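Observations on the model geometry
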Amino acid sequence: MKLNLTQKLILSHLVSGEPKAGNPIVISVDQTLTQDSTGTMCYLQLEALGVDKVVTKRSVAYIDHNTLQSGFENADDHAYIQSVALSHGVFVSKPGNGICHQVHLERFGVPGYTLVGSDSHTPTGGGIGMLAIGAGGLDVALAMAKGTLNLTMPEVIGIKLTGALKPNATAKDLILEVLRILSVKGGVGKIVEYFGDGVKSLSVPERATVTNMGAELGATTSVFPSDTRTKAFLRAQGRESDFVSLCADSGASYDRIIEIDLSEIEPLAAAPHMPDNVVTVSELAGKKVDQVCIGSCTDSSLLTMLKVAAVLKGKRVNPDVSLTISPGSKQVLTMLSKCGALKDILDSGARILECACGPCIGMGQSPKTNAVSLRTFNRNFYARSGTKSASVFLVSPLTAAYSAIAGVITVPPEDAPIDVKMPTRFDINDNLILNPADFTDIAIERGPNIKPFPIGEKLSGSIEKTVTIKVGDNITTDDIMPSNAKLLPYRSNIPYLSSFCLSTVDEHFAERTEALGGGIIVGGENYGQGSSREHAALAPLQLGIRAAIVKSIARIHRDNLINSGILPLVFDNPSDYDGIEQGDVLLIADPVEAVNCGKAKIENKTKGRAFTASLNVNDRQKDILKAGGTINYMKSASPNVK
Ligand code: MIC
Ligand code: SF4
């Protein structure tokens, strides 16, 4: 049988289950990654599971999201992560070393390996031929503890690439084109696999830009073959021995094939406030720009930065524009400084920020009121920048750099004189990476900001709760649990965070839900898209939310709700959504029975009518929901779990 690359990667890691789309499967996990904003919760849960040492081939804890240290909370979290990780056999990448996905690609990613990360952009590893999947912190803790991941076998979309990008288009424009075709929910339940002649025209960092932002499709992951360009990248990283050649069998089939001729791709932009709100840059040309931010895990490689430096060289950033540049890693910054490109960047008037997530997660650089901000990032969700009135456009680094000079949105010239080559040797200095083998007798440090997290209760009796909020389509986890410079320091303090739950939609939601002793959330399509933060499930749990009844739901958020013991129900008839109002009281008379048969009969006591909603859960997930979440489930499965 001819196999596509996804099937090969899954079959080589299959522990149990039949890998047919929609089936529950278990795969073995070679590597894991965590970052600080999800890491604290993940390691608290690893500790709660009673695990002494991780069983993976390599697990790495990155500190890259909140490096501001505006108060002791942040420093406490870092100290906790470093000590708990090292004591459990996990490598630590210290603040300043770079963004998790960029550093992992450079220093740890191995073609053909599986990687599970507590960050939705973990699929970046697909750029080097990994099966790299984002998950909630608890699922990553389980992957570290047991070396496995439970998954629903996705369908595989094949994207056949031909030709090569024009000089003024980049990998960012390619993934924006894919988002234009598929939308932010087009990838749910799917893996996106790239193949065809055009693949060889893209370097590993370019492929990684595409797989990274494949998260915005809602896809389980995206993957590229591992070929001579992968080998060259690994050789330049001093890791040629990690190379294996991987690709689909010729004639392999896919559930759907999309063909893209790279040479036809124009510079594109995602207009506010959704990554799939794609327009051509020429449609926006001439619009005044206030801020330009270049960086983030999707576009901060050396290649990206060299292109930006080449555009900025000898030019001056427009006086009305604030241009910030965050190189993706210490390696990138070091190499920019060695080759003189950093001087070109600085001479132009750009501001260099730390090698970290920074403005991408609202850690500083919130634009001014009503600003137009161009960002090379992957998400432009409403309010994510920290300024609700700002219009954030996602663009390529070339569009960003040319626009920063002009002060207005500018289409990069077709003959952009940019000829940037991958280095044959990267500068390798891993002194900000701590190897657990070098540390013994580590005391785990827990500062006062680290508070116990809520745990659900065994399902019993009935659920009769008020709909304390009704939201529309595409509600993101940035809406459910906002993240910014004020809130990120509290990622290990769920009680505090919960008072900001859904505050971008309704500032009084938390207060109202708590006053009513809990509630039910009603939502539209693609509820919970975006980040992997399990805080978007733990905060509602803290407030007493028992169920989310929605038209459709994003994969990671759904898993996080199940892990927390909150019922993720999907309307059988989407029009029932219209018949519910905030304040209605809903009754699920027998939730245990609902879980057992995967369908809930729900009575709207206020409106005097009834409807049904489905759970679409497998047997393991049923047991988890009945136990009141994964921690309870694990404890009942192995009572010596602490
Ligand atoms: C994001 O890009 O939204 C984040 C911050 O990296 C999140 C993780 C988090 O919320 O901590 C993600 O993508 O999973
Ligand atoms: Fe960090 Fe932004 Fe990437 Fe999330 S998307 S990991 S916040 S750089």
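Everything in this summary refers to the structure shown in the same document. All values derive from a computational prediction rather than experimental measurement. (Residues numbered from 1 in each chain as written. Chains lettered and ligands numbered in written order. Predicted model: local features only at pLDDT ≥ 70, side-chain atom pairs only at ≥ 80, totals over all residues. Heavy atoms only, no water.)

1. Side note on unusual backbone geometry
Of note, the bond from P272 into H273 is cis; its omega dihedral lies within 30 degrees of zero at -5 degrees. Examined against the element boundaries, H273 turns out to sit in the loop between strand 13 (268–270) and strand 14 (278–280). Phi is positive for S183, which is not a glycine, with a value near 75 degrees. Along the chain, S183 falls in the loop between helix 6 (171–182) and strand 10 (190–195). (Helix = DSSP H or I, 4+ residues; strand = E, 2+ residues; numbered from the N terminus.)

2. Looking at helix 21 (residues 630–637)
Residues of helix 21 that are buried: T630, I631, N632, Y633 and M634. Looking at the buried side of helix 21, the elements it contacts are helix 2 (36–48), helix 5 (137–146), helix 18 (555–564) and helix 20 (619–627). (Buried < 20%, exposed > 50% of the residue type's maximum accessible area, 1.4 Å probe, protein only. Contact = heavy atoms within 4.5 Å.)

3. Notes on the site of ligand 1
Taken together, 14 residues sit near ligand 1, with S37, D119, S120, S532 and R533 positioned nearest. Within the side chain of R491, a nitrogen or oxygen atom sits 2.8 Å from an oxygen atom of ligand 1. Here ligand 1 loses 97% of its free accessible area of 330 Å² to cover by the protein chains. (Near = heavy atom within 4 Å. Polar contact = N/O pair within 3.5 Å; in protein donor to acceptor, adjacent residues only side chain to side chain. Areas by Shrake-Rupley, 256 points an atom, 1.4 Å probe, with all protein chains shown as cover.)

4. Concerning the sheet that holds strand 5 (residues 91–93)
Taken in spatial order, the six strands of this open sheet run 7-6-3-4-5-20, and their pairing is mixed. Strands at the two margins of the open sheet, each flanked by one partner only, are strand 7 (131–134) and strand 20 (433–434). Two elements, strand 3 (residues 31–34) and strand 4 (residues 58–62), share four bridges in a ladder whose sense is parallel. What sits directly across from L33, in strand 4, is V60. (Pairing = 2+ DSSP bridges.)

5. Structural notes on the packing of helix 10 (residues 302–312) against helix 13 (residues 397–406)
Between helix 10 and helix 13, the shortest axis-to-axis distance is 9 Å and the interhelical angle comes to 25 degrees. Comparing the axis directions of helix 10 and helix 13 gives the class roughly parallel. Considering the relative orientation of helix 10 and helix 13, their crossing is right-handed. Of helix 13, the residues touching helix 10 (which contributes T304, K307, V308, V311 and L312) are P397, L398, A401, Y402 and I405. (Axes fitted to C-alpha atoms, helices over the stretch in contact; angles between N-to-C directions. Parallel < 35°, antiparallel > 145°, perpendicular 65-115°, else oblique. Left-handed = near helix turned anticlockwise from the far one by under 90°.)

6. Focus: the pairing of strand 3
With burial as the criterion, each face of strand 3 is covered, one bearing Q31 and L33 and the other bearing T32 and T34. What joins strand 3 to strand 4 is helix 2, and the crossover it makes is right-handed. (Right-handed = clockwise from strand over helix to strand, strands pointing away.)

7. As for the layout of surface pockets
Approximately 710 Å³ is the volume found for the largest pocket. Lining of the largest pocket is provided by 35 residues; of these, T152, R555, R558, D559 and Q621 occupy positions nearest its centre. Elements with a minimum of two residues in the lining of the largest pocket: strand 7, helix 5, strand 8 (148–152), helix 18 and helix 20. Class assignment of the residues belonging to the lining of the largest pocket gives a composition of 16 nonpolar, 13 polar and six charged. (1 Å grid on protein atoms, 1.4 Å probe; cavity = no way out; pocket = protein on both sides within 12 Å on 5 of 7 lines; lining within 4 Å. Points joined across faces, edges and corners; volume = space filled by probe spheres on them. Nonpolar A, V, L, I, M, F, W, Y, C, P; charged D, E, K, R; others polar.)

8. Thoughts on the environment of I257
Position of I257 relative to the elements: it lies in strand 12 (residues 256–261). A relative accessible area of 46% means that I257 is categorised as partly exposed. Put simply, I257 and V471 are 214 residues apart on the chain and 34 Å apart in space, counted from C-alpha to C-alpha.

9. So, the site of ligand 2
Contacts to ligand 2 come from H65, H101, D119, H121, S296, C297, C357, C360, I361, N378 and R384. Residue composition of the shell around ligand 2, grouped by class: four nonpolar, five polar and two charged.

10. As for the environment of Q45
With respect to the helices and strands, Q45 occurs in helix 2. For the pair formed by Q45 and G137, sequence separation is 92 residues and the distance between their alpha carbons is 7.9 Å.

11. Focus: the side chain of D559
Turning to its location among the elements, D559 is positioned in helix 18. The contacts of D559, once residues within four sequence positions are left out, are D139 and Q621.

12. Quick notes on the sheet that holds strand 23 (residues 545–550)
Spatially, 21-22-23-24-27-26-25 is the arrangement adopted by the seven strands of the closed barrel, whose pairing is mixed. Pairs of neighbouring strands in the sheet enclose a mean axial angle of 35 degrees, with direction left out of account. Pairing geometry for strand 26 (residues 599–604) and strand 27 (residues 609–614), over six bridges, is antiparallel. Note that in strand 27 the partner of N604 across the bridge is R609.

13. Details of the pairing of strand 7
Here strand 7 shows two buried faces, one formed by L131 and I133 and the other by A132 and G134. Across four bridges, the pairing between strand 6 (residues 114–117) and strand 7 is parallel. Residue V116 lies in a different strand from strand 7, and its bridge partner there is I133.

14. Topic: helix 4 (residues 100–108)
Residue pairs three or four apart in sequence face the same way in an α-helix, which turns once every 3.6 residues. The element helix 4 is largely enclosed, with a buried count of nine among its nine residues. Among all positions in helix 4, only C100, H101, Q102, V103, H104, L105, E106, R107 and F108 are buried.

15. What to know about the environment of G112
Its location among the elements puts G112 in the loop between helix 4 and strand 6. For G112, a relative accessible area of 16% puts it in the buried group. Sequence-wise, G112 and M130 are 18 residues apart; in three dimensions their C-alpha atoms are separated by 5.1 Å. Residues in contact with G112, not counting those within four places in the same chain, are L9, H13, D30, G129, M130 and L246.

16. What about the packing of aromatic side chains?
Evaluation of the coordinates by the stated rule reveals eight aromatic pairs. Judged by centre distance (6.0 Å) and plane angle (65 degrees), the ring pair of F91 and F108 falls under edge-to-face. Within this pair, whereas F91 is found in strand 5, its partner F108 is found in helix 4, the two being separated by 17 residues in sequence. Residue class for F108 comes out buried when judged on its relative accessible area of 7%. With a centroid separation of 4.1 Å and 40 degrees between ring planes, the pair formed by Y490 and Y496 is classed as tilted. Residue Y496 is classed as partly exposed on the basis of its relative accessible area of 35%. Through a chain of ring-to-ring contacts, three or more aromatic side chains come together here, namely Y490, Y496 and F500. (Phe/Tyr/Trp six-rings, centres within 6.5 Å; stacked < 30°, edge-to-face > 60°.)

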